[in-house]
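Summary of structural features
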Amino acid sequence: MTADTSEWFSEAVLGWFDRHGRKDLPWQRDPSPYRVWVSEIMLQQTQVAVVIPYFERFLAQFPTVADLAETSEDRLMAIWSGLGYYARARNLHRAAGLIRDLHGGVFPTAIEPLLALPGIGRSTAGAVLSLALDQPHPILDGNVKRVLARAFGVEGWPGQAPVLARLWTLAERLTPENRVGAYNQGMMDLGATLCTRRAPACARCPLSERCVARRSGRQAELPTPRPRRSPAERETLMLLLVDPTGDILLERRPKSGIWGGLWSLPEIAPGADPRDWCLAGLGVVPARVEMIGARRHSFSHFNLDIRIALVQLDTMPGQVADDAGRRWLNRADLDALGLPAPVKDILDRFQAGRAQSPVRAQPHGDVS
DNA sequence: AACTCGGGGGA
DNA sequence: TCCCCAGAGTT
(Lines give C-alpha, C1' and ligand atoms only; values in the text may rest on other atoms or scores of the structure.)
Protein backbone atom coordinates (compact mmCIF):
# COMPACT_ATOMS: atom_id res chain seq x y z
CA MET A 1 0.00 0.00 0.00
CA THR A 2 1.31 3.43 -0.92
CA ALA A 3 1.44 6.44 1.37
CA ASP A 4 -1.04 8.09 -0.99
CA THR A 5 -3.55 5.27 -0.47
CA SER A 6 -3.16 5.53 3.28
CA GLU A 7 -3.72 9.28 3.28
CA TRP A 8 -6.69 9.05 0.93
CA PHE A 9 -8.26 6.34 3.09
CA SER A 10 -7.98 8.16 6.42
CA GLU A 11 -9.14 11.44 4.89
CA ALA A 12 -12.18 9.69 3.44
CA VAL A 13 -13.01 8.10 6.80
CA LEU A 14 -12.51 11.35 8.74
CA GLY A 15 -14.57 13.37 6.29
CA TRP A 16 -17.39 10.86 6.52
CA PHE A 17 -17.13 10.74 10.33
CA ASP A 18 -17.44 14.53 10.58
CA ARG A 19 -20.66 14.45 8.59
CA HIS A 20 -22.27 11.15 9.59
CA GLY A 21 -20.41 9.55 12.51
CA ARG A 22 -21.88 8.96 15.97
CA LYS A 23 -20.81 11.64 18.40
CA ASP A 24 -23.46 11.52 21.12
CA LEU A 25 -23.11 8.05 22.64
CA PRO A 26 -23.06 8.10 26.47
CA TRP A 27 -19.36 7.20 26.69
CA GLN A 28 -18.49 9.91 24.15
CA ARG A 29 -19.67 12.56 26.57
CA ASP A 30 -16.77 13.04 28.97
CA PRO A 31 -14.75 10.24 27.32
CA SER A 32 -12.46 9.39 30.22
CA PRO A 33 -10.32 6.25 29.92
CA TYR A 34 -12.45 4.57 32.62
CA ARG A 35 -15.75 5.27 30.85
CA VAL A 36 -14.39 4.26 27.44
CA TRP A 37 -12.93 1.07 28.95
CA VAL A 38 -16.26 0.03 30.47
CA SER A 39 -18.07 0.77 27.21
CA GLU A 40 -15.53 -1.18 25.13
CA ILE A 41 -15.80 -4.25 27.35
CA MET A 42 -19.60 -4.14 27.11
CA LEU A 43 -19.47 -3.54 23.35
CA GLN A 44 -17.21 -6.56 22.82
CA GLN A 45 -20.22 -8.78 23.21
CA THR A 46 -23.31 -6.70 22.60
CA GLN A 47 -24.68 -4.11 20.20
CA VAL A 48 -24.78 -0.42 21.00
CA ALA A 49 -28.54 -0.16 21.56
CA VAL A 50 -28.47 -2.93 24.16
CA VAL A 51 -25.35 -1.63 25.88
CA ILE A 52 -26.56 1.94 26.49
CA PRO A 53 -28.94 1.24 29.43
CA TYR A 54 -26.42 -1.18 30.97
CA PHE A 55 -23.69 1.44 30.64
CA GLU A 56 -25.82 4.12 32.30
CA ARG A 57 -26.70 1.84 35.22
CA PHE A 58 -23.08 0.70 35.57
CA LEU A 59 -21.70 4.25 35.68
CA ALA A 60 -24.39 5.33 38.12
CA GLN A 61 -23.41 2.47 40.44
CA PHE A 62 -19.64 2.71 39.88
CA PRO A 63 -18.75 6.28 38.81
CA THR A 64 -15.00 5.72 39.19
CA VAL A 65 -12.57 2.84 38.90
CA ALA A 66 -12.15 3.08 42.69
CA ASP A 67 -15.88 2.45 43.19
CA LEU A 68 -15.66 -0.57 40.92
CA ALA A 69 -12.64 -1.94 42.78
CA GLU A 70 -14.46 -1.75 46.12
CA THR A 71 -17.75 -3.34 45.09
CA SER A 72 -18.77 -6.94 45.77
CA GLU A 73 -18.96 -9.49 43.02
CA ASP A 74 -22.68 -9.95 43.69
CA ARG A 75 -23.42 -6.26 43.17
CA LEU A 76 -21.39 -6.28 39.98
CA MET A 77 -23.14 -9.38 38.66
CA ALA A 78 -26.55 -7.91 39.45
CA ILE A 79 -25.71 -4.99 37.14
CA TRP A 80 -24.16 -7.23 34.47
CA SER A 81 -26.88 -9.86 34.52
CA GLY A 82 -28.37 -10.32 31.07
CA LEU A 83 -25.35 -9.03 29.17
CA GLY A 84 -23.67 -12.43 28.93
CA TYR A 85 -19.97 -13.34 28.90
CA TYR A 86 -19.81 -13.06 32.68
CA ALA A 87 -16.11 -13.82 32.86
CA ARG A 88 -15.55 -10.37 31.40
CA ALA A 89 -17.36 -8.69 34.26
CA ARG A 90 -15.02 -10.51 36.63
CA ASN A 91 -12.02 -9.40 34.55
CA LEU A 92 -13.30 -5.82 34.79
CA HIS A 93 -13.50 -6.24 38.57
CA ARG A 94 -10.04 -7.82 38.83
CA ALA A 95 -8.55 -5.10 36.63
CA ALA A 96 -10.08 -2.39 38.82
CA GLY A 97 -8.46 -4.01 41.86
CA LEU A 98 -5.10 -4.10 40.08
CA ILE A 99 -5.40 -0.43 39.12
CA ARG A 100 -6.04 0.34 42.78
CA ASP A 101 -3.14 -1.84 44.02
CA LEU A 102 -0.53 -1.28 41.30
CA HIS A 103 -1.35 2.15 39.88
CA GLY A 104 -2.53 4.04 42.94
CA GLY A 105 -6.09 4.09 41.67
CA VAL A 106 -5.11 6.10 38.58
CA PHE A 107 -6.23 4.60 35.28
CA PRO A 108 -3.11 3.75 33.18
CA THR A 109 -2.63 5.93 30.10
CA ALA A 110 0.13 3.94 28.38
CA ILE A 111 -0.42 0.83 26.30
CA GLU A 112 1.91 -1.58 28.11
CA PRO A 113 0.28 -1.36 31.56
CA LEU A 114 -3.14 -1.52 29.92
CA LEU A 115 -2.25 -4.73 28.06
CA ALA A 116 -1.15 -6.27 31.36
CA LEU A 117 -4.68 -5.99 32.78
CA PRO A 118 -7.06 -8.94 32.48
CA GLY A 119 -9.65 -8.61 29.73
CA ILE A 120 -7.70 -5.95 27.81
CA GLY A 121 -6.05 -7.00 24.57
CA ARG A 122 -4.49 -4.97 21.81
CA SER A 123 -7.70 -3.71 20.25
CA THR A 124 -9.36 -2.73 23.53
CA ALA A 125 -6.20 -0.98 24.75
CA GLY A 126 -5.94 0.92 21.46
CA ALA A 127 -9.59 1.91 21.63
CA VAL A 128 -9.32 3.25 25.19
CA LEU A 129 -6.21 5.32 24.48
CA SER A 130 -7.31 6.63 21.09
CA LEU A 131 -10.95 7.38 21.89
CA ALA A 132 -10.29 8.87 25.32
CA LEU A 133 -6.88 10.52 24.81
CA ASP A 134 -6.35 10.67 21.03
CA GLN A 135 -3.21 8.56 21.32
CA PRO A 136 -2.10 7.06 17.97
CA HIS A 137 -2.96 3.36 18.38
CA PRO A 138 -4.79 1.24 15.80
CA ILE A 139 -7.84 -0.83 16.69
CA LEU A 140 -9.21 -4.00 15.11
CA ASP A 141 -12.66 -4.90 16.34
CA GLY A 142 -15.24 -6.80 14.32
CA ASN A 143 -16.45 -3.70 12.49
CA VAL A 144 -12.95 -2.61 11.49
CA LYS A 145 -12.09 -6.15 10.36
CA ARG A 146 -15.10 -6.14 8.04
CA VAL A 147 -14.32 -2.72 6.56
CA LEU A 148 -10.65 -3.58 5.95
CA ALA A 149 -11.33 -7.07 4.58
CA ARG A 150 -13.71 -5.60 2.03
CA ALA A 151 -11.80 -2.44 1.18
CA PHE A 152 -8.56 -4.36 0.55
CA GLY A 153 -9.97 -7.72 -0.53
CA VAL A 154 -8.43 -9.69 2.35
CA GLU A 155 -9.36 -13.35 1.86
CA GLY A 156 -9.74 -15.92 4.65
CA TRP A 157 -11.44 -16.09 8.02
CA PRO A 158 -10.06 -13.36 10.33
CA GLY A 159 -9.77 -15.96 13.11
CA GLN A 160 -6.80 -17.47 11.25
CA ALA A 161 -3.52 -16.05 12.45
CA PRO A 162 -2.12 -15.02 9.02
CA VAL A 163 -5.35 -13.25 8.10
CA LEU A 164 -5.45 -11.46 11.44
CA ALA A 165 -1.83 -10.39 11.04
CA ARG A 166 -2.55 -8.97 7.59
CA LEU A 167 -5.49 -6.99 8.98
CA TRP A 168 -3.40 -5.60 11.84
CA THR A 169 -0.72 -4.50 9.38
CA LEU A 170 -3.34 -2.70 7.32
CA ALA A 171 -4.78 -1.08 10.44
CA GLU A 172 -1.33 0.14 11.51
CA ARG A 173 -0.53 1.64 8.13
CA LEU A 174 -3.90 3.31 7.67
CA THR A 175 -4.30 4.84 11.12
CA PRO A 176 -3.39 8.54 10.85
CA GLU A 177 -1.20 10.42 13.32
CA ASN A 178 -3.74 13.16 13.92
CA ARG A 179 -7.39 12.84 14.95
CA VAL A 180 -6.88 9.17 15.77
CA GLY A 181 -9.91 8.99 18.02
CA ALA A 182 -12.18 10.40 15.33
CA TYR A 183 -10.66 8.06 12.73
CA ASN A 184 -11.08 4.95 14.90
CA GLN A 185 -14.61 5.91 15.87
CA GLY A 186 -15.32 6.57 12.19
CA MET A 187 -14.09 3.11 11.20
CA MET A 188 -16.30 1.47 13.83
CA ASP A 189 -19.27 3.59 12.76
CA LEU A 190 -18.70 2.75 9.09
CA GLY A 191 -18.75 -0.95 9.93
CA ALA A 192 -21.76 -0.63 12.19
CA THR A 193 -23.95 1.56 9.98
CA LEU A 194 -22.88 1.22 6.30
CA CYS A 195 -20.47 -1.66 5.85
CA THR A 196 -22.81 -4.12 7.53
CA ARG A 197 -22.49 -7.87 7.23
CA ARG A 198 -25.51 -8.13 4.96
CA ALA A 199 -26.71 -5.57 2.42
CA PRO A 200 -23.95 -2.97 2.88
CA ALA A 201 -24.89 0.57 1.81
CA CYS A 202 -22.04 1.00 -0.66
CA ALA A 203 -23.80 3.89 -2.39
CA ARG A 204 -23.27 6.02 0.72
CA CYS A 205 -19.80 4.71 1.59
CA PRO A 206 -16.83 7.08 1.30
CA LEU A 207 -14.55 4.14 0.43
CA SER A 208 -16.60 2.51 -2.32
CA GLU A 209 -14.66 4.17 -5.15
CA ARG A 210 -11.54 2.15 -4.30
CA CYS A 211 -13.14 -0.75 -2.37
CA VAL A 212 -11.91 -4.10 -3.71
CA ALA A 213 -15.05 -5.96 -2.64
CA ARG A 214 -17.29 -3.34 -4.22
CA ARG A 215 -15.35 -3.23 -7.47
CA SER A 216 -15.40 -7.02 -7.78
CA GLY A 217 -18.94 -7.51 -6.46
CA ARG A 218 -17.75 -9.64 -3.56
CA GLN A 219 -19.32 -7.74 -0.65
CA ALA A 220 -21.25 -10.88 0.32
CA GLU A 221 -18.14 -13.10 0.32
CA LEU A 222 -15.90 -10.83 2.40
CA PRO A 223 -14.92 -11.16 5.11
CA THR A 224 -14.77 -14.94 4.85
CA PRO A 225 -17.15 -16.38 7.49
CA ARG A 226 -16.05 -18.66 10.29
CA PRO A 227 -16.11 -22.37 9.43
CA ARG A 228 -19.29 -23.87 10.84
CA ARG A 229 -19.56 -26.68 13.33
CA SER A 230 -22.77 -28.52 14.09
CA PRO A 231 -23.86 -27.73 17.64
CA ALA A 232 -24.01 -30.45 20.28
CA GLU A 233 -27.15 -31.26 22.27
CA ARG A 234 -27.31 -31.17 26.06
CA GLU A 235 -30.09 -31.72 28.58
CA THR A 236 -30.53 -30.62 32.15
CA LEU A 237 -33.20 -30.73 34.85
CA MET A 238 -33.56 -27.59 36.94
CA LEU A 239 -35.13 -27.76 40.39
CA LEU A 240 -37.40 -24.92 41.45
CA LEU A 241 -37.42 -25.62 45.19
CA VAL A 242 -39.92 -23.66 47.28
CA ASP A 243 -39.84 -23.80 51.08
CA PRO A 244 -42.94 -23.28 53.28
CA THR A 245 -42.32 -19.50 53.38
CA GLY A 246 -42.18 -19.27 49.59
CA ASP A 247 -38.41 -18.76 49.37
CA ILE A 248 -36.58 -20.33 46.43
CA LEU A 249 -33.25 -22.17 46.58
CA LEU A 250 -30.40 -20.94 44.38
CA GLU A 251 -26.88 -22.28 43.94
CA ARG A 252 -23.81 -20.42 42.81
CA ARG A 253 -22.37 -21.91 39.63
CA PRO A 254 -18.67 -22.67 39.20
CA LYS A 255 -16.57 -19.75 37.97
CA SER A 256 -15.72 -21.47 34.71
CA GLY A 257 -18.13 -22.77 32.12
CA ILE A 258 -21.49 -21.37 31.13
CA TRP A 259 -23.02 -18.75 33.39
CA GLY A 260 -19.78 -18.80 35.39
CA GLY A 261 -20.16 -17.34 38.88
CA LEU A 262 -23.86 -16.63 38.52
CA TRP A 263 -26.58 -17.77 40.89
CA SER A 264 -28.86 -20.31 39.26
CA LEU A 265 -31.38 -23.05 40.04
CA PRO A 266 -29.91 -26.37 41.22
CA GLU A 267 -29.45 -28.80 38.35
CA ILE A 268 -29.52 -32.58 38.31
CA ALA A 269 -29.12 -35.20 35.60
CA PRO A 270 -32.16 -35.36 33.31
CA GLY A 271 -33.08 -38.86 34.48
CA ALA A 272 -32.47 -38.30 38.19
CA ASP A 273 -35.22 -38.10 40.79
CA PRO A 274 -35.63 -34.70 42.51
CA ARG A 275 -36.73 -36.52 45.70
CA ASP A 276 -33.37 -38.24 45.98
CA TRP A 277 -31.61 -34.90 45.59
CA CYS A 278 -33.74 -33.34 48.33
CA LEU A 279 -33.06 -36.16 50.73
CA ALA A 280 -29.32 -36.19 50.06
CA GLY A 281 -28.84 -32.42 49.75
CA LEU A 282 -31.38 -31.01 52.20
CA GLY A 283 -32.32 -33.92 54.43
CA VAL A 284 -36.01 -33.55 53.68
CA VAL A 285 -38.60 -35.34 51.57
CA PRO A 286 -40.57 -32.90 49.43
CA ALA A 287 -44.32 -32.63 49.85
CA ARG A 288 -44.84 -32.46 46.14
CA VAL A 289 -42.87 -32.71 42.88
CA GLU A 290 -44.34 -31.56 39.59
CA MET A 291 -42.86 -31.05 36.14
CA ILE A 292 -43.96 -27.53 35.26
CA GLY A 293 -42.37 -26.90 31.90
CA ALA A 294 -39.43 -27.05 29.58
CA ARG A 295 -37.52 -24.74 27.34
CA ARG A 296 -34.70 -24.83 24.85
CA HIS A 297 -31.82 -22.40 25.14
CA SER A 298 -29.41 -22.01 22.25
CA PHE A 299 -25.74 -21.19 22.46
CA SER A 300 -23.48 -20.85 19.47
CA HIS A 301 -21.84 -24.22 20.09
CA PHE A 302 -24.57 -26.27 21.76
CA ASN A 303 -28.28 -26.40 22.41
CA LEU A 304 -29.53 -26.90 25.95
CA ASP A 305 -32.90 -28.50 26.69
CA ILE A 306 -34.01 -27.40 30.15
CA ARG A 307 -36.81 -29.19 31.98
CA ILE A 308 -38.10 -27.63 35.18
CA ALA A 309 -39.36 -29.50 38.26
CA LEU A 310 -41.33 -27.59 40.90
CA VAL A 311 -40.41 -29.07 44.28
CA GLN A 312 -42.51 -27.89 47.23
CA LEU A 313 -41.39 -28.50 50.80
CA ASP A 314 -43.77 -28.55 53.76
CA THR A 315 -41.00 -28.55 56.35
CA MET A 316 -38.15 -26.09 56.69
CA PRO A 317 -34.84 -27.58 55.56
CA GLY A 318 -31.88 -27.32 57.92
CA GLN A 319 -28.25 -26.13 57.74
CA VAL A 320 -28.32 -24.61 54.27
CA ALA A 321 -27.53 -21.17 55.68
CA ASP A 322 -24.00 -22.38 56.51
CA ASP A 323 -23.26 -23.07 52.87
CA ALA A 324 -22.07 -19.95 51.02
CA GLY A 325 -22.76 -21.61 47.68
CA ARG A 326 -26.47 -22.07 48.41
CA ARG A 327 -29.16 -19.62 49.45
CA TRP A 328 -32.90 -19.54 50.07
CA LEU A 329 -34.13 -16.28 48.58
CA ASN A 330 -37.32 -14.29 48.41
CA ARG A 331 -38.37 -12.26 45.42
CA ALA A 332 -36.60 -9.05 46.46
CA ASP A 333 -33.36 -10.99 47.04
CA LEU A 334 -33.63 -12.54 43.58
CA ASP A 335 -33.81 -9.13 41.92
CA ALA A 336 -30.49 -8.17 43.53
CA LEU A 337 -28.57 -11.14 42.11
CA GLY A 338 -27.06 -11.92 38.75
CA LEU A 339 -29.10 -14.67 37.13
CA PRO A 340 -28.71 -16.28 33.68
CA ALA A 341 -31.30 -14.88 31.28
CA PRO A 342 -33.34 -18.11 30.93
CA VAL A 343 -33.33 -18.69 34.70
CA LYS A 344 -34.52 -15.15 35.33
CA ASP A 345 -37.29 -15.75 32.82
CA ILE A 346 -38.30 -19.04 34.47
CA LEU A 347 -38.48 -17.37 37.88
CA ASP A 348 -40.33 -14.31 36.57
CA ARG A 349 -42.98 -16.52 34.99
CA PHE A 350 -43.25 -18.66 38.09
CA GLN A 351 -43.65 -15.62 40.35
CA ALA A 352 -46.26 -14.16 38.00
CA GLY A 353 -48.23 -17.39 38.09
CA ARG A 354 -47.95 -17.65 41.84
CA ALA A 355 -49.20 -14.08 42.27
CA GLN A 356 -52.42 -15.08 40.54
CA SER A 357 -52.96 -18.38 42.33
CA PRO A 358 -50.77 -19.17 45.33
CA VAL A 359 -50.68 -22.93 44.81
CA ARG A 360 -50.37 -23.63 41.10
CA ALA A 361 -47.44 -22.71 38.94
CA GLN A 362 -47.77 -21.24 35.49
CA PRO A 363 -46.84 -23.64 32.67
CA HIS A 364 -43.75 -22.57 30.76
CA GLY A 365 -44.36 -23.97 27.30
CA ASP A 366 -42.83 -27.02 25.67
CA VAL A 367 -39.63 -28.04 23.95
CA SER A 368 -40.12 -27.46 20.26
C1' DA B 1 -31.72 -21.14 12.39
C1' DA B 2 -27.55 -18.78 11.55
C1' DC B 3 -24.58 -15.31 12.83
C1' DT B 4 -21.87 -12.14 15.81
C1' DC B 5 -18.21 -10.41 19.21
C1' DG B 6 -12.22 -9.73 21.83
C1' DG B 7 -9.69 -12.11 24.95
C1' DG B 8 -8.48 -16.10 28.09
C1' DG B 9 -6.68 -20.41 28.63
C1' DG B 10 -5.77 -25.25 27.72
C1' DA B 11 -3.53 -28.49 24.52
C1' DT C 1 0.87 -21.26 18.53
C1' DC C 2 -3.40 -23.21 17.65
C1' DC C 3 -7.87 -24.13 18.92
C1' DC C 4 -11.79 -23.98 21.71
C1' DC C 5 -14.83 -21.37 24.63
C1' DA C 6 -18.52 -18.07 25.94
C1' DG C 7 -24.52 -15.96 25.79
C1' DA C 8 -27.76 -12.98 24.32
C1' DG C 9 -29.67 -10.32 20.60
C1' DT C 10 -30.56 -9.67 15.71
C1' DT C 11 -31.91 -10.95 11.27
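Just above sits the structure.
Anyway, here's the lowdown on the structure attached to this text. Treat the numbers as computed from the prediction; the structure is a model and nothing was measured.

**A short note on the protein's contact with DNA strand C**
- Taken together, 24 residues sit near DNA strand C, with Tyr85, Tyr86, Arg198, Trp259 and His301 positioned nearest.
- Restricting the count to atoms of DNA strand C within 4 Å of the protein gives a sugar and phosphate share of 63%.
- Separating a phosphate oxygen of DNA strand C from a backbone N or O atom of Trp259 is a distance of 2.7 Å.
- Within the backbone of Ala341, one N or O atom sits 3.1 Å away from a phosphate oxygen of DNA strand C.
- Elements with a contribution of two residues or more to the surface near DNA strand C: helix H6 (86–102), strand S5 (288–298) and helix H15 (341–356).
- Here the residues of the surface near DNA strand C sort into twelve nonpolar, nine polar and three charged.

**What to know about the pairing of strand S6 (residues 302–312)**
- With ten of eleven residues buried, S6 is to be regarded as a mostly interior element.
- Bridge count for strand S1 (residues 232–242) against S6 is eleven bridges, and the pairing is parallel. Within S6, the residue paired with Leu237 across the bridge is Arg307.
- Sheet topology places S5 next to S6; ten bridges connect them, and they run antiparallel. Across the sheet, residue His297 finds its bridge partner in S6, namely Leu304.

Cut-offs used in this document
Residues numbered from 1 in each chain as written. Chains lettered and ligands numbered in written order. Predicted model: local features only at pLDDT ≥ 70, side-chain atom pairs only at ≥ 80, totals over all residues. Heavy atoms only, no water. Near = heavy atom within 4 Å. Polar contact = N/O pair within 3.5 Å; in protein donor to acceptor, adjacent residues only side chain to side chain. Helix = DSSP H or I, 4+ residues; strand = E, 2+ residues; numbered from the N terminus. Nonpolar A, V, L, I, M, F, W, Y, C, P; charged D, E, K, R; others polar. Buried < 20%, exposed > 50% of the residue type's maximum accessible area, 1.4 Å probe, protein only. Pairing = 2+ DSSP bridges.

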